[in-house]
Structures are given as structure tokens and as C-alpha cells.
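For reference, the chains in residue letters:
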Amino acid sequence: MEMEMEMETQNPFQVDVGNLLAFNPFHNFSSLPASRDELVKECLEEGTKLIQAVADSLFNLPSTEDVDGPLVKLPPPTTKLPREKHLPKPKPPTKWEEFAKKKGIKKRKKDKVVWDEQTGTWKRRFGYDRVNDDKDIPIIEAKMTNEPGEDPFAKRQDDKKKRVEKQEKNRLQNLKQAAKLGALPSHVQLAATALPITGTHAPPKKVTKDELGNVAGMAATSTASGGKFDRKLPGEKPAKKQGKHRTFLPVVEGSGIGSREKEQTENVLNKLISKHSHEILNVGKAVTMYNVKKEKKARNRRNQEGKSSSTSNKLKPKKQLHKKAAKKGPESSKKRKAK
Amino acid sequence: MMRIKTPKNGRVRRELEKRAPKLVETGKKTLILQGTKTSGTLNGVLSEIYHLKKGGAVRFTRKNDNIRPFESGGETSLEFFSLKTDCSLFVYGSHSKKRPNNLVIGRMYDHHVYDLVEVGVENFKSIESFNYDKKMAPRVGSKPFIAFVGEGFENVDELKHLKEVLLDLLRGEVVENINLAGVDRAYVCTAISSNKVYLTHCALRLKKSGTVVPRMELVEVGPSMDLVVRRHRLPNEGLRKEAMRTAKDQPKKKIKNVSSDAIEGTIGKIYIPDQKVGDVALPNKAKGVKRERREAKKKEANERASKKQRVESE
């Protein structure tokens, strides 16, 4: 859709002043010029002609004088080009707007300041130090319908909270409706806070890394070949425990020194018996018990005396030696007695 | 469970409003990026295009392996970049043995690929290789004249498409008013053969002629290159129809206090506020003030003179 100039100049170019564009559809190179320079020259010549044509119409437009130079109002471009974004869709009316239209309620302009009877001044309609604030009510008269144990001030606050929540919910619904039609205002975004709850009311609990790993491992091995031939993703670690998770003894086995079943039963029996026998001294256990006791006592003494007593430390070891002997005595004697 | 997110910052809010779809659109931003491998000439081409479109272009300098505009899956990265930088035109350069010095110029609609043209660049001459009087150099951001020469642009499908895309790319902002003293650049595209286009950027010199219209003179300044059309993808019909849709001309905003009458024509009403006669500041050179001063001075002089006489007499 390019405008054709049918004026006195009668040039066959297509000129679009709005875009400062000119197109010559009739030129053709019957034979390409031999050298590059000549080609360039010819191109420039043709270009100059076209641009002259555009300039003709451009400079003949009515111009207004400006500080920097003559200002011209360009006509709208005639070449149609595709848009970069979709056309903005009109906002759908909100539920209140629909109701108001139906009932014929008109908006009334409200003042920012309102006359406050109580104090006798002009106060804000909303915000700090406003007209009908809930905080400012000193006395609420009791009515017959009130329950005896109810706090009317708290009740008023709760009512207000409920009203605010209801309004927020309605606002969200209106925005969702607008988003459904694709007409959300540009500065608003709707973000999902949690996945929609379906079925039971239990919120989805957080899964730990280990749990996820286990599940992923289970999923990976639940193929026909146990996950052996699957391609591994980069960074995927091999399965933690491979092969069978429980080993069973072979069914038939020769009896001898190395027979495993005998060993197994022996181990079990020994453990059972040793639990209730006092003969066997578990040396390791005794040593650890003794060491722990010693450390505890040393710590307690150190805490009592403080850390500055370095001289007394020299004396301490000797004392301990004695105590060692003393300690060893009753323990070993106990065991001997039990025999 | 949805949450309403609104910007807490004025700056962010203004930025979002700039990116929102508008009824009348102004200039498109261009995204210039490169692929896996680029050649020296291609680097030059990309930097010069960026320089020509300084105000409205974004240049990415890293290589992007996963962008293949002509393949169905290879456009996701491009669309993501377009969404984040709010660019609806892109120029993607890559170099390979099969397609040396390849340039893909594409447009987006709603941040999805709308159409593509693939051209090869030959005989590239950069800005530095041209000698010209530096005073005539075109200024950054000026609106250019664009000239297309050749019947190829009318007859050959691919060249027609290329013409449209080049117009979009070179156009710049759509403005209503233009300063005639500030037109100083022009692009000339000539169709040399059925698949080759010679594109060059020139500075304009306006010479005096007899009439109001000055005589134009083109001086080659900027990059010049041969574009060989290789592939192109036209938009599908439905998308094209939707993109070409324009809003119906908006109902003219009612000019207040103007009404038209059958007999008298256009009538305008002017409301004048009440004059506060007492509060009006008198200008400095009010004759009344001057006279008062003069008289006051005279009085003083008289008094002094009379005092002197008395003293003398005494």
C-alpha cells in the first residue's frame, strides 16, 4: 500500500513521506557494470534521484519555526508494517462496576479532608490521624443483643480485618478474570504461591535430599534390565548400594571348619551367653568407662579452680596416681567377687 | 493460591509500562548476537549495525551455540532473549563453511518468531575505509531516508520480503514531527540481480537550489555490503493478519470549550478568572511610581535647600 505521486513531477517512484521512503520499481540493470566503482556510482545516482523525490514532498510540507530549525509535521506512514506486540485488550469491568452499572450508581468525587465533628478540625479521610478511626472511640454503649463476655473493641477490629480480607479476595478474583481475558494491567503480575490442593487437605511436605535420591534410585532401577543399560545424565552418581541387598547362605554346604552356618550360630550363641555372664571382662569397655570418668573429674576440678592455677597442676598428677590405684582396686575386686 | 505482585519501585513500574503493549507503537529495539563461529568480516558487520542503531539496539558478545533460527527447536533461546531485553528485531550472525558470513534478520511478534530472512554478506566495506569530510558525518539517532532501487524488489518474492525487513530494521523511531535541519543520512538499497542487493549508508549534503527544496547530494560514509539472499521464512497467514491489525482510528479527543454552530461556524468559549486588582504587582517602569519618586526627590531637595538658607541666614 504505497502512495503513488500523481503530481506535476510525474515520476514513477513510490514515495512514502511518513517513513522517508522511496521505491523505484522500474529500474533494472540490463547489464551489470564492469567494475565495482561504476556499479556503486550508478546505485548512488539512482538513490539520489529517489531521495530528491522524497525531499521534494518533505520540504514542501507546512513547517513551523523552532529553535533548532524548521519543524515539519510528518504525515502518517503509508507502508504497513507488522506490530511488535498484540493490541492491548480493554479491561473487563470488575464485579462492582457491573453492579454499579446495573443499579445506576455513579461515582462521587471525594475530598481528601473531611470535617471532624469530634475535634472540630479538618482531618484526612484516610491515613494517619483520620476522621472515623477505630482507635479513637472511647466508649461503646452496650446493647441488649451483646453477649456478656465479649470485647466490643476487639470485635470491631476483627470485623475490619474480615472486611479487608474480603476486599483482597475480591480484588484477586477481578484480576484473575482480567488475566483470563489477557487484559491484566501492565504493572500487576499474578504469582502462584503453592500448588493447588487436590483431594485431601494435607499440604505437600518438603522432601529431603536423601529421600529424593532414594526415590530417584528406585525409579532408575525399575526398568526391565535393572537400570544397567540406561544412559546416565552428566553429574549423576552411581547407585549407592548395588547388587543384592540381602545375602542368604547357600542351601547345601559341606561341614567343616569353614562352614558358615556353624559360624553364624556360634556367634549368636556367644553373644547371648556373654550378655549375662560376668566372667568375661570387656577390656575395651572398661578402659573407655574409666577414661570418661577421669576426664569428667578433671574438667570439674578445672572449672572450680579456674584456669590460672598452673602451679597446682604440677601437684595434681601425683594425686591422680594415687586415685588411679584406688579406683582400680574396687573395680577389679568387684569382678573377682562376682566370680 | 495466587498472590498479586506489584512493583514497589517507581522505576520498575515505569519500566513495565514501557514494555506493555501499546495502541500506537514507536520504534522497535534490535538484538544483535552471534552464533557458534563468526568471521572477522561478520564481527565488523555486527558492530557497525550496532553503531548505526545505537539508541535502540542491544549487543550480545558471547557465542550462542543453541540458536538455530530456521529449526523448530532452535528459537527458544532467541525468544527468551527477546522477552528479557524487550527487542522485537534481531540480527544473528554466524559463519560456517556451507554458509559463510551468514546474517539472519528476523522479527518477533509478541516475543515469538514472526519471520526470518537469511542473507550472506559479501564485499563488506567498513566505516573506517571510507574517506570523507568528518563534518558531514551523520549524527547518532537521526531519522534516515531510505531508497530502494530495482524491479527485483517488486517481482522476486524473497527480495520483497527482504525489502520489508530492511525497512523495519533501518527505519528507526516513528515520529510525528521532524526537524528539517536534522536529516543527514540515507540508506540506498539496489537490487543488482535477482538475489543480490547492494546496501550502502550515505551522508546527505543539502545544497542550495533555487527553490525551498535543497538539492540532495549523497556521500558514501558508512558500511556498504552486498547481501545475497539465501533462505527466508514468511509468517503464516493467521499470524500475519493479526500482526497487521491496527486499532481503529481513535475517536478524536473532544477539544473542550469549542462548539460549532451552523450559522456562526466554530465558537470558542474563554473563561477569565476574576481579577484581583489589589494584588496585582505593578511593573517597575510604571509612570506613577516614577513620578512619585521624582516628586519625593524634589521635596527633599527643597527641604535641604530651605534648611541651608536658614542656617546661612542664621
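Remember, it's a predicted structure, so these values are computed and weren't measured experimentally. (Residues numbered from 1 in each chain as written. Chains lettered and ligands numbered in written order. Predicted model: local features only at pLDDT ≥ 70, side-chain atom pairs only at ≥ 80, totals over all residues. Heavy atoms only, no water.)

Peer 1: How should the overall build of chain A be read in this particular structure?
Peer 2: A count of helices and strands for chain A gives seven helices and seven strands. Start at the N end of chain A and walk to the C end: the helices and strands fall as β-β-α-β-β-α-β-β-α-β-α-α-α-α. Across the 339 residues in chain A, those meeting the buried criterion constitute 19%. Residue pairs at least 24 apart in sequence account for 35% of intrachain contacts in chain A once pairs closer than 6 positions are excluded. Roughly 29,000 Å² of accessible area belongs to chain A as shown, and the carbon and sulfur atoms make up 56% of that amount. (Helix = DSSP H or I, 4+ residues; strand = E, 2+ residues; numbered from the N terminus. Buried < 20%, exposed > 50% of the residue type's maximum accessible area, 1.4 Å probe, protein only. Contact = heavy atoms within 4.5 Å. Areas by Shrake-Rupley, 256 points an atom, 1.4 Å probe, with all protein chains shown as cover.)

Peer 1: Is there a simple way to explain the sheet that holds strand 8 (residues 177-179) of chain B in this structure?
Peer 2: The strands making up a sheet associate through hydrogen bonds between their backbones, and the pairing can be parallel or antiparallel. The three strands are arranged 3(A)-4(A)-8(B) in an open sheet whose pairing can be described as antiparallel. Bordering the open sheet on either side are strand 3 (63-65) of chain A together with strand 8 of chain B, each of which pairs with just one other strand. Going across the sheet, the axis of each strand differs from the next one's by a mean of 30°, ignoring polarity. Pairing analysis gives three bridges linking strand 3 of chain A to strand 4 (residues 70-73) of chain A, with the strands arranged antiparallel. Across the sheet, residue Glu65 of chain A finds its bridge partner in strand 4 of chain A, namely Pro70 of chain A. (Pairing = 2+ DSSP bridges. Axes fitted to C-alpha atoms, helices over the stretch in contact; angles between N-to-C directions.)

Peer 1: Explain helix 6 (residues 283-305) of chain A here, please?
Peer 2: Residues separated by three or four positions in an α-helix point in the same direction, a consequence of the helix having 3.6 residues per turn. Over its 23 residues, helix 6 of chain A extends 33 Å from the first C-alpha to the last, a length consistent with the 33 Å expected when each residue adds 1.5 Å. Within two residues after helix 6 of chain A, Gly306 of chain A carries a phi angle of roughly 95°, on the positive side. (Expected span 1.5 Å × (residues − 1).)

Peer 1: Is there a simple way to explain the packing of aromatic side chains in this structure?
Peer 2: Under the criterion given, the structure shown has six aromatic pairs over all chains. Ring centres of Trp96 of chain A and Phe99 of chain A lie 5.6 Å apart, and the angle between their planes is 40°; on these two criteria the pair is classed as tilted. Within this pair, Trp96 of chain A and its partner Phe99 of chain A are both found in helix 2 (residues 95-103), separated by three residues, close to a single helical turn. Judged by relative accessible area, Trp96 of chain A falls into the exposed class, the value being 54%. Seen from their ring centres, Trp115 of chain A and Trp122 of chain A are 5.5 Å apart, and the 70° between their planes marks the pair as edge-to-face. Grouping aromatic residues by their ring pairs yields a cluster made of Phe23 of chain A together with Phe148 and Phe153 of chain B. Lying over the aromatic face of Phe23 of chain A, Lys163 of chain B brings its terminal NZ or CZ to 4.4 Å of the ring centre. The cationic tip of Arg231 of chain B hangs over the ring face of Phe70 of chain B; the distance from NZ or CZ to the ring centre is 4.2 Å. (Phe/Tyr/Trp six-rings, centres within 6.5 Å; stacked < 30°, edge-to-face > 60°. Lys NZ or Arg CZ within 6 Å of the ring centre and 35° of its normal.)

Peer 1: I would appreciate a short explanation of the pairing of strand 4 (residues 89-94) of chain B in the present structure.
Peer 2: Sheet faces and side chains relate simply in a regular strand, where the side chains alternate between the two faces. All names here are of chain B. Extensive coverage of strand 4 is indicated by the burial of six of its six residues. Of the two faces of strand 4, both are covered, the one formed by Leu89, Val91 and Gly93 as well as the one formed by Phe90, Tyr92 and Ser94. Pairing of strand 2 (residues 30-34) with strand 4 involves five bridges; the strand directions are parallel. Paired with Gln34 across the bridge in strand 4 is Gly93. In terms of strand pairing, strand 4 meets strand 5 (residues 102-109) through six bridges, oriented antiparallel. Paired with Val91 across the two strands is Ile105, which belongs to strand 5.

Peer 1: Whenever I open this one, the interface of chain B and chain A confuses me. Can you help?
Peer 2: When the parts of a complex come together, some accessible area is lost, and that lost area is often taken as the interface size. Across the contact, 74 residues belong to chain B and 61 residues belong to chain A. Summing both sides of the interface, chain B and chain A together bury roughly 6,500 Å²; the carbon and sulfur share of this comes to 64%. When the buried area of chain B at its contact with chain A is split by residue, Met2, Ile4 and Leu180 of chain B rank highest and sum to 11% of it. Taken together, the connections running from chain B to chain A amount to four salt bridges. The closest approach of N and O atoms between Lys73 of chain A and Glu176 of chain B, which form a salt bridge, is 3.4 Å. Linking chain B to chain A there are 28 residue pairs in polar contact (both at pLDDT 80 or more). Residues belonging to the side of chain B that touches chain A are distributed by class as follows: 38 nonpolar, twelve polar and 24 charged. Bridge count for strand 7 (residues 189-192) of chain A against strand 1 (residues 2-5) of chain B is four bridges, and the pairing is antiparallel. Across the sheet, Gln189 of chain A pairs through a bridge with Lys5 of chain B, a residue of strand 1 of chain B. (Buried area = accessible area lost by both parts, 1.4 Å probe. Salt bridge = Lys/Arg side-chain N within 4 Å of Asp/Glu carboxyl O. Polar contact = N/O pair within 3.5 Å; in protein donor to acceptor, adjacent residues only side chain to side chain. Nonpolar A, V, L, I, M, F, W, Y, C, P; charged D, E, K, R; others polar.)

Peer 1: I would appreciate a short explanation of the nonpolar core in the present structure.
Peer 2: Residue and element names in this part refer to chain B. Formed by 36 residues in total, the largest nonpolar core has its most connected members in Val91, Leu103, Phe148, Phe153, Leu162 and Leu227. In terms of residue count, helix 5 (residues 157-171) provides more of this core than any other element does, seven residues in total. Excluding anything up to four places from it in sequence, Leu162 contacts Val117, Val119, Val197 and Val229. (Core = buried A, V, L, I, M, F, W, Y, C linked by side-chain atoms within 4.5 Å.)

Peer 1: Looking at this model, I keep getting lost on the sheet that holds strand 10 (residues 196-207) of chain B. Mind explaining?
Peer 2: If you trace the eleven strands from one edge of the open sheet to the other, you get 1(A)-2(A)-7(B)-9(B)-10(B)-11(B)-6(B)-5(B)-4(B)-2(B)-3(B), paired in mixed fashion. Because the sheet does not close on itself, it has two edges, and the strands there are strand 1 (14-16) of chain A together with strand 3 (57-63) of chain B. Adjacent strand axes in the sheet meet at a mean angle of 20°, parallel and antiparallel pairs treated alike. The pairing of strand 10 of chain B with strand 11 (residues 215-233) of chain B spans eleven bridges and is antiparallel. The residue bridging Leu204 of chain B from the neighbouring strand is Leu218 of chain B, located in strand 11 of chain B. The strands touched by helix 1 (residues 36-59) of chain A are strand 1 and strand 2 (21-24) of chain A together with strand 6 (112-125), strand 7 (145-149), strand 9 (185-191), strand 10 and strand 11 of chain B; relative to strand 11 of chain B, the strand with the most contacts, the crossing angle is about 110°. Strands in contact with helix 6 (residues 237-244) of chain B are strand 5 and strand 6 of chain B; relative to strand 6 of chain B, the strand with the most contacts, it is inclined by about 90°.

Peer 1: Could you clarify how one ought to interpret a positive patch on the surface in this entry?
Peer 2: Residues and elements named next belong to chain A. Together, Lys91, Lys107, Arg108, Lys110 and Arg125 make up a region of like positive charge exposed at the surface. By the secondary structure assignment, Arg125 is in the loop between strand 6 (121-124) and helix 3 (152-180). On the basis of relative accessibility, which here comes to 34%, the residue Arg125 falls in the partly exposed class. (Patch = residues over 30% accessible without salt bridge, like charges linked within 9 Å, V, L, I, M, F, W, Y side chains within 5 Å. Lys, Arg positive; Asp, Glu negative; His and termini not counted. Charge placed at Lys NZ, Arg CZ, Asp CG, Glu CD.)

Peer 1: Looking at this structure, how should I read the environment of Val258 of chain B?
Peer 2: Residues and elements named next belong to chain B. Looking at the element boundaries, Val258 is found in strand 12 (residues 258-261). Overall, the relative accessible area of 37% leaves Val258 in the partly exposed class. Separated by ten residues in the primary sequence, Val258 and Gly268 have C-alpha atoms spaced 4.5 Å apart. Here Val258 is in contact with Thr266, Ile267 and Gly268, once residues within four sequence places are set aside.

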